[in-house]
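Summary of the model geometry
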Amino acid sequence: MLGILVHGNNHFIVRGPLPGRSVALALARHWSLIQINPKPPSDLDQWSISSKEFREDLTWAVFVPGEGEISPAVSQLLHELAGRGIVIHDSRRECW
């Protein structure tokens, strides 16, 4: 599965299943830190950042609050995903 994890003004295209709220928060924390040769904790190893994907292949979306505003391009992508019926999970408001 493929999705997008939006963290403030940053976003990650992620390979793996839809993460629950606590995992999404942990992924955002882990990937937002600058690290050399980072090895994710074992409970996060089923998710990875992907750099070359098609937007049509995204099947889930999660928003985690962070620094800054969502960019216009990411906002448009989230709007497109919602138009396709994909739920945009907001970690501030819900657990899923």
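Residues numbered from 1 in each chain as written. Predicted model: local features only at pLDDT ≥ 70, side-chain atom pairs only at ≥ 80, totals over all residues. Heavy atoms only, no water.

1. Quick notes on the overall build of the chain
The secondary structure content of the chain amounts to 2 helices and 5 strands. In sequence order, the secondary structure elements of the chain are arranged as β-β-α-β-β-α-β. Taken over C-alpha atoms, the radius of gyration comes to 13 Å for the chain, in line with the 12 Å a tight globule of 96 residues would show. Principal axes of the C-alpha set define a box for the chain whose edges measure 35 × 25 × 25 Å. Within the chain, the proportion of its 96 residues that are buried is 36%. Within the chain, contacts between residues at least 6 apart in sequence are counted, and of these 68% link residues at least 24 apart. (Helix = DSSP H or I, 4+ residues; strand = E, 2+ residues; numbered from the N terminus. Rg over C-alpha atoms; globule rule 2.2 N^0.38 Å. Buried < 20%, exposed > 50% of the residue type's maximum accessible area, 1.4 Å probe, protein only. Contact = heavy atoms within 4.5 Å.)

2. Examining the sheet that holds strand β2 (residues 10-15)
The 5 strands lie next to each other as β3-β2-β1-β4-β5, forming an open sheet whose pairing is mixed. Either end of the sheet is taken by a strand with one partner, and the two such strands are β3 (48-49) and β5 (88-90). Here strand β1 (residues 2-7) runs beside β2; their pairing, made up of 6 bridges, is antiparallel. For Gly3, the partnering residue across the bridge sits in β2 and is Val14. Across the sheet, helix α1 (residues 21-32) touches β1, β2, β3 and β4 (60-64), and the angle it forms with β1 is around 70°. Lying over the sheet, helix α2 (residues 72-83) contacts β1, β2, β4 and β5, oriented at roughly 135° with respect to β1. (Pairing = 2+ DSSP bridges. Axes fitted to C-alpha atoms, helices over the stretch in contact; angles between N-to-C directions.)

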